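Geometric and topological summary
Okay, here's what each chain looks like letter by letter:
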Amino acid sequence: ELPALLEEHRTRVTCGAEHNAHVNLPQSAHVYSALGVSNSQSVGEFKEGFDIRITRLGEEVMEFEMVGASPALANAVRRTLLSEVPTMAIEHVFFRNNTSIIHDEILAHRLGLVPLRANPRLFQFREEGDVSTQDNTIVLRLRAACARREDGSLEGERVLSGDLEWLPAGSEMQDETSVVFSENQEDRLKRMGDAAGVAPVHEDILLAKLRPGQEIDLEAHCVKGTGDEHAKWSPVATAWYRLCPQVVLAREVAGDRADQLVARFPADKCPFAVEGEGGSRRAVVKEPRGFQETNELVRALSGEEEWRDTVKLQKVKNHFLFTIESTGILPPWELFRDALHVLREKCEINLRNLQD
């Protein structure tokens, strides 16, 4: 085994008041060979040490801990979520009429960013030159007009994402769009087990504002894509992780100094507590991870002369606190599963290439 100090440098980042120390993760298997210690990791050791613990699960947000992973693996999951999990989004917009003050190109761009509740697994990618069918294209219609009522108020002033209407029978502008469905898309989706159909995730996204006499009449076509081509296909609002923090007492803090340490923090957010009575009082770490609101106080305290060799804020290099925020297209746990499937397919391709 490595000496305690080297093991700490290998597995922990020390967050100092002015800078962080030991931020690199040793990658070479032979970096500690002079001490007779191998830094390698077998597949069996990885399986034994790897763990995922879900700490929060909602319809749009998922938080979990990834333990025993390298930063490369954590970042691969994050990047896959952002750019390689496919979704459906508006790609082509055909305007019949647009007399609003918003130019066609701007309105088309805004439409493309509206998240749509449509299961991408039930649709095919449409490659260049492919015919648009019910298998690879979703057709939406938007018709909005503004008029003044008799009392002077406006009707239809705000054009919202909820005004988008799904056309399961296909395009109403077939001569212009060349989109012809041989089967009703609603029947097709029901046959495949999806009775929810297609609709915007949020119906209150503002697309445009109209004045009396102005109108918008268009047809929008959605196709399957991934975020590496355009952000509108990214299924997550964000996916991010941070290293798990760890509050450490490097030396014993007893007596009045224990009370002084606890007094430096808000009572409800103090990572330390005082145990014992009288002269036997000593400070202990009550909350090893600290609190997000006060961990920076621990970092600042570690820079003060009185506490420099006593209090430490560290971060565990192979323990990640992961957050996935879905746009609502799919639940976050399904996005996580899809990202893992994409990574597995990549690994299988690389393995076959190596074997060949």
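Figured I'd write up the structure that's included with this text. (Residues numbered from 1 in each chain as written. Predicted model: local features only at pLDDT ≥ 70, side-chain atom pairs only at ≥ 80, totals over all residues. Heavy atoms only, no water.)

**Some points on the overall build of the protein chain**
Here is the rule: Strands are runs of DSSP state E lasting at least two residues, helices are runs of H or I lasting at least four, and both sets are numbered from the N terminus onward. Both definitions apply: the radius of gyration is a C-alpha atom measure, and the globule rule equals 2.2 Å times residues to the power 0.38. Relative accessibility decides the category of a residue: with a 1.4 Å probe and only protein chains considered, values under 20% of the type maximum give buried, values over 50% give exposed, and everything between is partly exposed. Should any heavy atoms of two residues lie within 4.5 Å, those residues are counted as being in contact. The method behind every accessible area is Shrake-Rupley, applied with a 1.4 Å probe, and residues are considered shielded solely by the protein chains displayed. Positive: Lys, Arg. Negative: Asp, Glu. His and the chain ends are not part of the count. Lys charges are placed at NZ, Arg charges at CZ, Asp charges at CG and Glu charges at CD.
The helix and strand inventory of the protein chain stands at nine helices and 18 strands. Against the compact-globule benchmark of 21 Å for 356 residues, the protein chain has a radius of gyration of 28 Å, which places it well outside the compact range. The dimensions of the protein chain, computed from C-alpha atoms along their principal axes, are 85 × 70 × 35 Å. A burial count over the protein chain gives 41% of its 356 residues as buried. Here the contacts in the protein chain between residues at least 6 apart in sequence split such that 75% fall between residues at least 24 apart. When the accessible surface of the protein chain is split by element, carbon and sulfur atoms take 48% of a total near 19600 Å². Both charge centroids of the protein chain, one from 42 positive and one from 58 negative side chains, sit 4 Å from each other.

**Overview of the nonpolar core**
A general tendency of soluble globular proteins is for nonpolar side chains to be buried together. Put simply, the rule is: Each nonpolar core is a collection of buried residues, namely Ala, Val, Leu, Ile, Met, Phe, Trp, Tyr and Cys, held together in the definition by side-chain atoms within 4.5 Å.
Ile90, Leu111, Ile138, Leu140, Leu142, Val159 and Ile216 are the most contacted members of the largest nonpolar core, which totals 28 residues. When near neighbours in sequence (up to four residues on either side) are disregarded, Ile216 contacts Asn97, Asn98, Ser100, Leu107, Leu142, Arg143, Ala144, Val159, Ala208 and Leu210. By size, the runner-up hydrophobic cluster in this structure holds 20 residues, among which are Val236, Phe320, Phe322 and Leu335.

**Topic: the state of the cysteines**
Short version of the rule: Two cysteine sulfurs form a disulfide in these notes if their separation is within 2.5 Å.
As enumerated under the stated definition, the model contains zero disulfides in all. Residue Cys270 stays outside any disulfide, its sulfur separated by 18 Å from that of Cys244, the closest cysteine.

**Description of the packing of aromatic side chains**
Where we set the bar: Only Phe, Tyr and Trp rings take part, Trp by its six-membered ring, and two of them pair if their centres are within 6.5 Å. Stacked means planes under 30 degrees apart, edge-to-face means over 60, and tilted covers everything else. Note on criteria: charge over ring means Lys NZ or Arg CZ within 6 Å of the ring centre, with the direction from the centre no more than 35 degrees off the ring normal.
Scanning the model with the defined rule gives six aromatic pairs in all. Aromatic pair Phe64 and Phe322: ring centres 5.0 Å apart, planes at 5°, arrangement stacked. Taken as a pair, Phe64 in strand S4 (residues 61-67) and Phe322 in strand S18 (residues 311-326) lie far apart in primary sequence, 258 residues in all. Assessed through its relative accessible area of 1%, Phe322 is described here as buried. By the ring-pair criterion, three or more aromatic residues cluster together here, those being Phe64, Tyr241, Phe320, Phe322 and Phe336. One cation-aromatic arrangement involves Lys232 over Trp233; the distance from NZ or CZ to the ring centre is 4.8 Å. Directly above the ring of Trp307 sits Arg257, whose terminal nitrogen or CZ lies 4.4 Å from the centroid.

**Observations regarding the environment of Arg251**
Along the chain, Arg251 falls in the loop between strand S15 (236-249) and helix H7 (256-263). According to the relative accessible area criterion, Arg251 is exposed, its value standing at 52%. For the pair Arg251 and Glu277, spaced 26 residues apart in the sequence, the C-alpha separation amounts to 19 Å.

**A word on the pattern of salt bridges**
Selection criterion: Whenever a carboxyl oxygen of Asp or Glu lies within 4 Å of a side-chain nitrogen of Lys or Arg, that contact is scored as a salt bridge.
Under the criterion given, the structure shown has 29 salt bridges. We note a salt bridge from Arg289 to Glu65, for which the minimum N-O separation is 2.7 Å. Of this pair, Arg289 sits in the loop between strand S17 (282-285) and helix H8 (295-301) while Glu65 is found in strand S4, placing the two residues 224 residues apart along the sequence. Its salt-bridge partner being Asp217, residue Arg96 comes within 3.2 Å of it at the nearest N-O pair. Pair noted here: Arg96 is in strand S5 (residues 87-98) and Asp217 is in strand S14 (residues 215-225), with a separation of 121 residues, a long-range link.

**Describing the packing of helix H3 (residues 71-83) against helix H9 (residues 332-355)**
The description of two helices packed together rests on the angle between their axes and the distance between the axes. Where we set the bar: Axis angles are defined between N-to-C directions and span 0 to 180 degrees, where every axis is a line fitted to C-alpha atoms and, for a helix, only to the segment in contact. Under this scheme an angle from 65 to 115 degrees is roughly perpendicular, one under 35 degrees roughly parallel, and one over 145 degrees roughly antiparallel; angles in between are oblique. Throughout this entry, Asp, Glu, Lys and Arg are counted as charged residues, while Ala, Val, Leu, Ile, Met, Phe, Trp, Tyr, Cys and Pro are counted as nonpolar. The remaining residues, Gly among them, count as polar.
Where H3 meets H9, the closest approach of the two axes is 9 Å, and the angle between their N-to-C directions is 110°. Accordingly, the angle class assigned to the pair H3 and H9 is roughly perpendicular. Taken together, the residues of H9 that come into contact with H3 (itself represented by Ala76, Val77, Thr80 and Leu81) are Leu335, Phe336, Ala339, Leu340, Val342 and Leu343. In terms of residue class, the contact of H3 with H9 is made up of nine nonpolar, one polar and no charged.

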